[in-house]
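Notes for the structure review
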Amino acid sequence: MIVARTREELAAARDRLAGTVAVVMTMGALHEGHRALMRHARALADSVVVTVFVNPLQFGPAEDLARYPRPFDADVKACAEEGADVVFAPVPDVVYPDGDPVVRVTAGPLGDVLEGASRPGHFDGVLTVVAKLLHLTRPDVAVFGAKDAQQLVLVRRMVRDLDVGVTIVGVETVREADGLALSSRNAYLSPDERTAALAISRALREAETVAPQGPAAVLVAANDVLDAEPGLRVEYVALVDPDTLAPVDRSTERALLAVAARSGSTRLIDNVTIPVGDRPTGMYSKET
Ligand code: PAF
């Protein structure tokens, strides 16, 4: 496995890769969810490139850029164990050699709702770095986790709207045995905060059980569970179309139930895609 720190090292390593290439983009602090993405990538392509880059452009001024975990050696080990061929781990000056980019990808209205309402400019930062990393790594396939559902919607939309020649594949969220969705930010949680955070996945499960009763029942069930947990500050609970993010108010085969909440100072998100109302046909989708 080659660890490339510069554009030149990446270009040389990329030129040596044979066959199809899949990329897994990460900000490091790799956990089992990232490993699942890497395994998925391995199954889809002949070669796998993993990017490890904490992208300053997608953090707001009051967010956790400085304290975001950066366990670099452990990340490289995880990539090697999962059979990655190349790890691209640049510093910000390599990705943004002229400083903050003047020209950026803008997410448009889809970037202003849900996560974007709490994190202005976040998705412009995400899409700008995703576009740059696609250009630098030149993959056939890019694999993203379904936990960041809005990010996945927007990456798909960018690829379609800007005719980027890559296939985007979404992979199911990986959870702890007790339901907590894996996230690099779970490392910030104290034991009590972690217990409170469990209400998020519980709310999603509870909502799923009443989903045949329709959208209103889904939202009531999710809010009831979240409201009963005093350790959580809920930012939003939304039932939306998984492609357009428009609110869902009638029966549908696929609706995205998304939650954002703070446990202590840690902001967590989670979601599930479910059939709602009188036409349920399946449960958790494997690929989104
Ligand atoms: O999902 C993430 O970890 C980041 O948003 C990504 C896609 C690596 C871009 O920085």
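Notes on the structure in this doc start here. (Residues numbered from 1 in each chain as written. Predicted model: local features only at pLDDT ≥ 70, side-chain atom pairs only at ≥ 80, totals over all residues. Heavy atoms only, no water.)

Before going further, it helps to examine the overall build of the protein chain. Looking only at helices and strands, one finds nine helices and nine strands in the protein chain. Taken over the C-alpha trace, the protein chain has a radius of gyration of 19 Å; the compact-globule value for 288 residues is 19 Å, and the two agree within 12%. For the protein chain, the spread of C-alpha atoms along the three principal axes comes to 55 × 40 × 40 Å. The buried share among the 288 residues of the protein chain stands at 55%. (Helix = DSSP H or I, 4+ residues; strand = E, 2+ residues; numbered from the N terminus. Rg over C-alpha atoms; globule rule 2.2 N^0.38 Å. Buried < 20%, exposed > 50% of the residue type's maximum accessible area, 1.4 Å probe, protein only.)

On to the site of the ligand. Contacts to the ligand come from Met 25, Thr 26, Met 27, Asn 55, Gln 58, Val 129, Phe 144, Asp 148 and Gln 151. The side chain of Gln 58 places a nitrogen or oxygen atom 2.6 Å from an oxygen atom of the ligand. Within the side chain of Gln 151, a nitrogen or oxygen atom sits 2.7 Å from an oxygen atom of the ligand. In isolation the ligand has 280 Å² of accessible area, and contact with the protein removes 89% of it. A breakdown of the residues in the shell around the ligand according to their chemical character gives four nonpolar, four polar and one charged. (Near = heavy atom within 4 Å. Polar contact = N/O pair within 3.5 Å; in protein donor to acceptor, adjacent residues only side chain to side chain. Areas by Shrake-Rupley, 256 points an atom, 1.4 Å probe, with all protein chains shown as cover. Nonpolar A, V, L, I, M, F, W, Y, C, P; charged D, E, K, R; others polar.)

Right, let's get into the side chain of Thr 128. Note that Thr 128 resides in helix α6 (residues 122-137). Reaching out from Thr 128, the side chain makes a polar contact with the backbone nitrogen of Val 105 at a distance of 3.0 Å. Residues within four places of Thr 128 in sequence aside, it is in contact with Leu 57, Pro 101, Arg 104 and Val 105. (Contact = heavy atoms within 4.5 Å.)

Among the secondary structure elements, Asp 148 is positioned in the loop between β5 (141-145) and α7 (149-161). Note: C-alpha distance between Asp 148 and Asp 270 (122 residues apart in sequence) is 7.6 Å.

What the three strands build is an open sheet, ordered β7-β8-β9; its pairing is antiparallel. Each end of this open sheet is capped by a strand with a single partner; those strands are β7 (232-240) and β9 (266-276). For this sheet, the mean angle separating the axes of adjacent strands, direction not counted, is 15 degrees. Across 10 bridges, strand β8 (residues 252-263) lies against β9 in antiparallel orientation. (Pairing = 2+ DSSP bridges. Axes fitted to C-alpha atoms, helices over the stretch in contact; angles between N-to-C directions.)

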